[in-house]
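If you want the building blocks of each chain, they are given just below.
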4 protein chains.
Amino acid sequence: MKRYKHLIGAESKDLIERYVSSTEFDTALAKHAAAVMLAHIEALARAGLIPREPYEAMRKALKEVVATGGESLYSWIGDREFEDVFEALELYLYDVAGPDAGRAALGRSRNDHVAAVLRLAARERVLSILEQMLGVRKALIEKALSNKGVILPFFTHTQVAQCGTAPNYFLAHEQAMADAWRAVLHSLEYLRQSPLGSGASAGAYLRIDPSIVEQKLCLDPDPIPPYYATGSRLFLIYTASAVVTAMTELSRFAEDMITLLITVPEGVELPPTHISTSSIMPHKRNPVTLEVARAKAAGVIGGLTALLATYKSLPYGYSLDFQEMNKHFLRILEDAEETLQVIRDFIEGVRLMAEGLEGFVRRFPCWSSDVIEHVAIETGRPLRELYAELAHELHSGGGGAGQASDFLHKYGVSDPLEVVKRRPSEKGIDELIERAERRLRGDEALLKTLRYRHEECMRNLIGEEGAG
Amino acid sequence: MKRYKHLIGAESKDLIERYVSSTEFDTALAKHAAAVMLAHIEALARAGLIPREPYEAMRKALKEVVATGGESLYSWIGDREFEDVFEALELYLYDVAGPDAGRAALGRSRNDHVAAVLRLAARERVLSILEQMLGVRKALIEKALSNKGVILPFFTHTQVAQCGTAPNYFLAHEQAMADAWRAVLHSLEYLRQSPLGSGASAGAYLRIDPSIVEQKLCLDPDPIPPYYATGSRLFLIYTASAVVTAMTELSRFAEDMITLLITVPEGVELPPTHISTSSIMPHKRNPVTLEVARAKAAGVIGGLTALLATYKSLPYGYSLDFQEMNKHFLRILEDAEETLQVIRDFIEGVRLMAEGLEGFVRRFPCWSSDVIEHVAIETGRPLRELYAELAHELHSGGGGAGQASDFLHKYGVSDPLEVVKRRPSEKGIDELIERAERRLRGDEALLKTLRYRHEECMRNLIGEEGAG
Amino acid sequence: MKRYKHLIGAESKDLIERYVSSTEFDTALAKHAAAVMLAHIEALARAGLIPREPYEAMRKALKEVVATGGESLYSWIGDREFEDVFEALELYLYDVAGPDAGRAALGRSRNDHVAAVLRLAARERVLSILEQMLGVRKALIEKALSNKGVILPFFTHTQVAQCGTAPNYFLAHEQAMADAWRAVLHSLEYLRQSPLGSGASAGAYLRIDPSIVEQKLCLDPDPIPPYYATGSRLFLIYTASAVVTAMTELSRFAEDMITLLITVPEGVELPPTHISTSSIMPHKRNPVTLEVARAKAAGVIGGLTALLATYKSLPYGYSLDFQEMNKHFLRILEDAEETLQVIRDFIEGVRLMAEGLEGFVRRFPCWSSDVIEHVAIETGRPLRELYAELAHELHSGGGGAGQASDFLHKYGVSDPLEVVKRRPSEKGIDELIERAERRLRGDEALLKTLRYRHEECMRNLIGEEGAG
Amino acid sequence: MKRYKHLIGAESKDLIERYVSSTEFDTALAKHAAAVMLAHIEALARAGLIPREPYEAMRKALKEVVATGGESLYSWIGDREFEDVFEALELYLYDVAGPDAGRAALGRSRNDHVAAVLRLAARERVLSILEQMLGVRKALIEKALSNKGVILPFFTHTQVAQCGTAPNYFLAHEQAMADAWRAVLHSLEYLRQSPLGSGASAGAYLRIDPSIVEQKLCLDPDPIPPYYATGSRLFLIYTASAVVTAMTELSRFAEDMITLLITVPEGVELPPTHISTSSIMPHKRNPVTLEVARAKAAGVIGGLTALLATYKSLPYGYSLDFQEMNKHFLRILEDAEETLQVIRDFIEGVRLMAEGLEGFVRRFPCWSSDVIEHVAIETGRPLRELYAELAHELHSGGGGAGQASDFLHKYGVSDPLEVVKRRPSEKGIDELIERAERRLRGDEALLKTLRYRHEECMRNLIGEEGAG
């Protein structure tokens, strides 16, 4: 800590202090730092370890920091440089309550507080991300509902493979988001562990009442090993990984749309807010948000790599390397949240043009596998023989859809797209949509509960009259 | 598919076929490929779509492939080159059952089968990894039990910070493994989704009886959107991420041991099988397994990067890029499993030397935070004032432990390590151990159930007399 | 070293030995390990430190290992397990020359030899890679020459932006390979540094004659600091980075081709050996080699991440982590070499269809920027005004190319593609091709020289009658 | 471009515009954007394509933007939102010169200008980084000179392996920086390529006089293929890789110092500005800058991963993904520059304590390999026999240094550290230092020339009276 440097003969130098300082970046943490400190001094006050007057003074100041999202602290900081927001906060309390502020250091260390603050900040972000993901899922389901019967090309190897209906397409991405949602949700299990009382690494000497931690910070009162509590960032690695996984699926949705746009320009209309044009080529309609979204996916992959590469080589116990990890972590969460919002807006605005799509699809024998199966079942012949037969006709005819008319005629198939529609994945589409809707409603209810509990703790923390 | 290349005018070339082939690597998948095919033809046979005789012939051959872990298939393959194990398996069935083998292609495609096979192979590996993780946790708890009261340095910033007892140390890593265990466990939720019936991308035309999938392959019978089923690898990304997270914690344990070894060589004795010496410096005792373990952690981080970098840029639908992903994925699982075994063996064999450790620890005021808190509570003075007082004495005396005797004497502390032992994290250590043991037992029971169910399905698959 | 383990009380265990052993993987290094040892014992023999008879016996054995690319050593090894190829080689020499083989350990350690062997192995691979890159460049230039005047779409934002001729397209990728070639070439500067004589970390006691190193191994005789020589892998990191850079450009070429294929299927014909079809959709023509190539690019990115994540956290001096790095490194070089061969083969075989391409291009106002500039110069009006005018017409007309006829007519442009052809980048295409050809010839000559020198050293090493 | 969005029916939305905008981040590019535009309009004016009055107005404004490092532009921007600095600059010129500013769009596009601007910005940063690297090298050489004869432990496997003198240690890192310097220097070869005139992707219609580019921007006048010029970021990938390589070596130096500090606390004294203490453990002296440095190394590895993962999957032609790449790129360069400054400051301030180090080293037989070699030469016995003999004595005696007295006595070695000093790497240390100094002087001279040329161009650009 900068403030105590002189005590050990350490000195100051601008270049160095800028290098190791995180104050500027810590704005995202200030509110939660104050919240943890608030719960902490309340516990000390209850235990009679802080006199009433300085306690009330500190309490008032901290409540304001929480309420203003850190602003009141940062306006106090002004131009001064601190090592981090925790040092600043401690000195602010001295300013507010005099030497008795020095009593607040009982039963805690910066390390266990940092670990708690990060969990709170992450939880708040994760709840937002979960909500945004629900928004994306909702938009996808709505798109499925409003595009029933619209035929789309389904690709493999970036080549038209089969055709199917739009709901099947949108539900695929809904399932991806639903599965990713569960992975992100699981992170809350780690984010509710309480490191408070773990001291610097092996435990504080004074244990504060864990029930306060539970009621005011929504953290689990059960003790966890202190070296783990302060020395591990598994919760952060896990959360980042889960969010990155979600981002890769969003990126793939962006790639899908870019591919569709270049393949069937007449089949898709991007929302007008999501395109940009060229400064010299006025015919261009560039899908810029999709490009940024996939680039941000690569960005968070890099962020995760940074986290993992830092983490894997650190012996246990807090190191300042963790401070750099926070930056990557918060950047990942921010990028994800913003991207989710943008992609949701995109999905809500994108329009499929049924005619253009069907016209395109009819140029390909995207029904080939269905028709072969259909004929195999009807005729009782091994599927592979029919495959060879159709392959031969298609190839000699150049691969276009029209060329297989002999095959279709021979087996009595008048419109092969009709066969496609009898495919179980198409016939069962309503059930699939319903299942997705049911799952979404369940997840919405669950998130609402989680959010409510989170806010209730916040109210407990700020609202009550304190320890007395 | 190589076999059908001529049908579309494609040609063969050695260089190219080696480049795109995965047969050699697929050995890890052969058994599961046969299992999925076995369930598939049974469903077809039940539906009357394969005659009895060829069915029995194929069934017998596939059961043997499963039973021999793929060996019977690979001995049939011999020197021949195939695109992958799926193509080889299909041709093997022709060899076994004649043209009727061509009926097995009904209701499936390589894409949905690959996606199912990968899940089964991953599940088998994940269950092993979960078991190895339990082994590591067990070894850590045993180490905690057999080293009660042994004093250890606890670090921050790779500097001695506090001291505490060995159980607290081992439980920290046990908690890390327990938390990582849960993350890995969660992957099973994705691994039981069934992609069967999803065809190439938009669904097969024939739906086979989903109850067979449930009973014989332990996959969930509920349908998932086919484009997701065949076109997503979220399950693989998630599983890899969770395993990589576990590996980073193992790597940090390795760094801990290397740090301890260089800092307190008299305090730790590595298991003799885990050290190596130099070919020219006979005094060396190199912690080679720890080095390999942390390097393998970096290796799997690289593997995860490869997965994410491949995945994020692929539009939906199967692409051959997925085949390369499999290699990275299986390598990650293998490296993790091996490393878990080695680290478990290390933990079981490592010995802490209480005397050497205490001698070392007594050279540092590792009790400083405890004593300051203790005195603050006793005297009612603000902690920060006492902090400054002790800091002043330590610094003027050069930082050694002996130099603070004035401070200790002034506040009546005769042996500061006695204060340390009154720290809640030390007093509550038995409860912490018990909690870890309880959790371990619960997880062991859960894993046993999961394994039992997995094996039961296998028995259903191989054991029964089939479709009739 | 396994062989000396008992001397320090270390013990053996299968699991562990497999974990730390690299023998299986070292096959790629065996030849070079023997080469370095050969030079080493020659220097010792010249200095009179090995008697004639055992020297000749070892020399003969080592020459055979070099000549057979390691095979003679591996057939001696058989089923036995060694820590690595260096230990195996040492014991082989005992087998061949008796206790006097123990004299070969003078003036060296495994660490400096490993560092030299890796450089030699890397150099051989790098020379091959440089050659393959020249092959790709040659193929690209030939494609430019044989496709003069063929109109192609040029993209930005994966949208048709401008149009131009095929030579301009191929030369862009040739320039990328030429620039990447220089980056890879630069690695040879590091690969010729000699770590021999650096001992384990701080230097060997006996210095062998550096001129032998120069003449027989083509390494620079100048001493480099021994801790760097044995403890750094900068040469490996640099080489890997440069090769990965080249791979990303190859991957982008693959993405180009995949994009072209889906956008203008009538404009490009893939070489028949490079496509595959589906097992159930006979109309598919999957660009499988391109997919594998881009996936391998992601693979080597992961490999580089593994290298960097391992490396950044190692204090100086050899660690066994380096052994794991070798695997990633050699995999990167292998994947790159194979991919270069495949992409070269692709370029040689791919066909552009001028008619299909021009038909496609004419559907877009890909000439817009050229025509606007042309008109701005002719009329003296600010470019932006004309831009707005054309944009207005295009947009109200729906963005197609035909709709701008009013604009074209108003400014007297009959065929806008004629304007495109007057663009300096098109008019100067012959000069650009010539420049690329000249550069290629220069690089071919340079590589030939480097290869010659490399082989000359090999001849010196194996050919001469030795030390006497 | 935002400004032209309405022309194609695109619309605006805050969320989206924030998402795709880079204006805030572009501050690092503003100066260079103005410089490129300055050269461009001068060329247009010379060709008579811009009238004198608006030309002078624009010229004046642009010179001010260059001179103020972008400030004058940003104060004009104020609260307004633009897509990026290029759009802002264009509109600023309208404000300054009226509709004639629309003439400046001739012969250019945003894509070729961005590619040029990035090169200029990167070159400026790279020159600074090269200078900082020279500073680190100088500090290392000075440390070598001022610590002659100071004995240090040299590690392998993070275990004391050999001992040697401090100059050998510092020169190892100097060599690392010298080799990395060459890798970074090589990037200038790519940074001087001129993309100007390449238009959006396939070339501009008007070619401006390339000699201006050469004289005013120090870019190479030779044309490069336009699709490469605008569509490749090889120069950025290469530069980032080289800088990351340098950072990994700096990180390893940090690890060295941390290892030394924990192993031989009495042997090293960190500069007082580089340590911090704990808020509750006043005895702590945390090496915080070293921790941040190694974490930043992991950070830039993540940045490089982000670059590569973005890049490898983009088909050719500019995409907005490139804009995200710029952020990662500039962050890498900034982090590297800052870290170099801090590490240089560290090296200058760190103190080795000869007595503490020698006392430590004498507890280990760090001379074992030297003494064995020495005895082998003296007695003519195979080295391996002596190795076994010493190993036996050391092991039975417990591995300490004192225990080998029988061996030393038997072979007449009174002080083994004297043998160490006769090691060639120690005897030749002066020559090694001299070589490093010579190389440094050469590189300083080279950099000075490069810097001079860079500044001369800047003077040409701003100083002259322009086109007339």
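These remarks concern the structure in this document. (Residues numbered from 1 in each chain as written. Chains lettered and ligands numbered in written order. Predicted model: local features only at pLDDT ≥ 70, side-chain atom pairs only at ≥ 80, totals over all residues. Heavy atoms only, no water.)

A look at the interface of chain A and chain D
The partner chain D presents 60 residues to the 60 residues of chain A that form the contact. For the chain A and chain D pair, buried surface summed over both sides reaches about 5,300 Å², with 63% attributable to carbon and sulfur atoms. The tally of links between chain A and chain D comes to six salt bridges. Here Lys 296 of chain A makes a salt bridge to Glu 324 of chain D, at a shortest N to O gap of 3.2 Å. Of all the secondary-structure elements, those providing two or more residues to the side of chain A that touches chain D are helix 1 (14-20), helix 11 (288-311) and helix 12 (321-349) of chain A. For the side of chain A that touches chain D, the leading source of residues is helix 11 of chain A, giving 16 residues. (Contact = heavy atoms within 4.5 Å. Buried area = accessible area lost by both parts, 1.4 Å probe. Salt bridge = Lys/Arg side-chain N within 4 Å of Asp/Glu carboxyl O. Helix = DSSP H or I, 4+ residues; strand = E, 2+ residues; numbered from the N terminus.)

Quick notes on the relation of the copies chain A and chain D
Superposing chain A onto chain D takes a rotation of 180 degrees combined with a translation of 0.0 Å along the rotation axis, leaving an RMSD of 0.1 Å. Those values place the two copies in the arrangement expected of a two-fold rotation axis. Minimal C-alpha distance to the rotation axis in chain A is attained by Gly 302 of chain A, lying at 2.1 Å. Most of the interface of chain A is mirrored in chain D: 100% of its interface residues are interface residues there too. (Least-squares fit on C-alpha atoms with pLDDT ≥ 70 in both.)

Considering the pairing of strand 2 (residues 159-165) of chain C
Residues and elements named next belong to chain C. Burial analysis of strand 2 places seven of its seven residues in the buried class, the great majority of the element. Sheet analysis places strand 1 (residues 151-156) next to strand 2, joined by six bridges and oriented antiparallel. Looking across to strand 2, one finds that Thr 156 is bridged to Gln 159. Linking strand 1 back to strand 2 in an antiparallel pair, the connection comprises two residues, with His 157 at a positive phi of about 55 degrees. (Buried < 20%, exposed > 50% of the residue type's maximum accessible area, 1.4 Å probe, protein only. Pairing = 2+ DSSP bridges.)

Quick word on unusual backbone geometry
All names here are of chain A. One non-glycine residue, His 157, lies in the positive phi region at around 55 degrees. With respect to the helices, strands and loops of the structure, His 157 is situated in the loop between strand 1 (151-156) and strand 2 (159-165). Accessibility expressed as a relative area gives 7% for His 157, which makes it buried.

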